[in-house]
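# Structure at a glance
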Amino acid sequence: MYKGSCLCGSIQFELHGGITDPIYCHCSLCRKASGSAFAANGYVNKTDLKLTDEKATLTYYESNVGKRKYFCSACGAPIYSSNSTKPSKVRIRLGAIDSDIIERPISHNFVTSKGNWEELEAKLPMYDEHEPSRK
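Under an unreviewed UniProt entry, the protein chain has the name Aldehyde-activating protein and belongs to Vibrio cidicii. Here the protein chain is described in UniProt, under the heading Sequence similarities (unreviewed entry), as follows: "Belongs to the Gfa family."

Set out below in structure tokens:
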């Protein structure tokens, strides 16, 4: 089980299951949403995510029809995203997890969209789009 939270602690969550296909995404949307060079994300089963939001600060931005990015309205910390094409899964932001994570990222995605100031020196596979297992 993993535990996590937003920056201000208003949103707390537990993951009762593993994280699959964790990746580093360098697309322009993830860079903007994270305010950084990339977002580190991984899939979890929606039913495995147990979230508490006592102050009702969880909100979302719908970036495209059926694609929502959930975050804390108090501190702005991103928590997870959902896609209506995969209703049983959510993509958790690995940085929101407080526990040590066992799973390791499998690739860098959308590297042609990365910031021109970013230098990739990682030994992970790099893809111009999604990793081949998602196609």
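Text resumes after the structure shown.
Turning next to the layout of surface pockets. Unoccupied space between atoms shows up once a probe the size of one water molecule is rolled over them. Taken as a whole, the largest pocket holds about 510 Å³ of empty space. Along the walls of the largest pocket sit 25 residues, with Lys67, Lys69, Asn83, His130 and Arg134 positioned nearest its centre. For the lining of the largest pocket, the secondary structure elements donating two or more residues are strand S3 (20-25), helix H1 (28-34), strand S4 (39-45), strand S6 (58-64), strand S7 (67-72), strand S8 (78-83) and strand S9 (89-93). Classifying every residue of the lining of the largest pocket by side-chain character gives eight nonpolar, nine polar and eight charged. Considering only enclosed or pocket space, the second largest pocket measures out at about 210 Å³ in volume. Lining the second largest pocket are 13 residues; nearest its centre among them are Ala33, Tyr61, Lys69, Phe71 and Arg93. Among the secondary structure elements, those contributing two or more residues to the lining of the second largest pocket are H1, S6, S7 and S8. Taken together, the residues of the lining of the second largest pocket sort by class into eight nonpolar, two polar and three charged.

So, on to the packing of aromatic side chains. Here a ring pair, both rings aromatic, is described through the centre-centre distance and the interplanar angle of the planes. Inspection of every chain in the model, using the stated rule, returns three aromatic pairs. Measuring from ring centre to ring centre gives 4.9 Å for Tyr24 and Phe38, while their planes differ by 70°; the resulting arrangement is edge-to-face. With a gap of 14 residues between them, Tyr24 in strand S3 and Phe38 in the loop between H1 and S4 connect regions that are remote in the sequence. A ring pair is formed by Tyr60 and Tyr70, whose centres lie 5.4 Å apart and whose planes are at 50°; its orientation type is tilted. Note that Tyr60 is positioned in strand S6 and Tyr70 in strand S7, a separation of ten residues in sequence. Residue classification places Tyr70 among the buried residues on the basis of a relative accessible area of 14%. Each member of the aromatic cluster is reached from another via a ring pair, and the members are Tyr60, Tyr70 and Tyr80.

What counts and what doesn't
- Residues numbered from 1 in each chain as written.
- Predicted model: local features only at pLDDT ≥ 70, side-chain atom pairs only at ≥ 80, totals over all residues.
- Heavy atoms only, no water.
- UniProt positions renumbered as here; feature names shortened; annotations may be inferred.
- 1 Å grid on protein atoms, 1.4 Å probe; cavity = no way out; pocket = protein on both sides within 12 Å on 5 of 7 lines; lining within 4 Å.
- Points joined across faces, edges and corners; volume = space filled by probe spheres on them.
- Helix = DSSP H or I, 4+ residues; strand = E, 2+ residues; numbered from the N terminus.
- Nonpolar A, V, L, I, M, F, W, Y, C, P; charged D, E, K, R; others polar.
- Phe/Tyr/Trp six-rings, centres within 6.5 Å; stacked < 30°, edge-to-face > 60°.
- Buried < 20%, exposed > 50% of the residue type's maximum accessible area, 1.4 Å probe, protein only.

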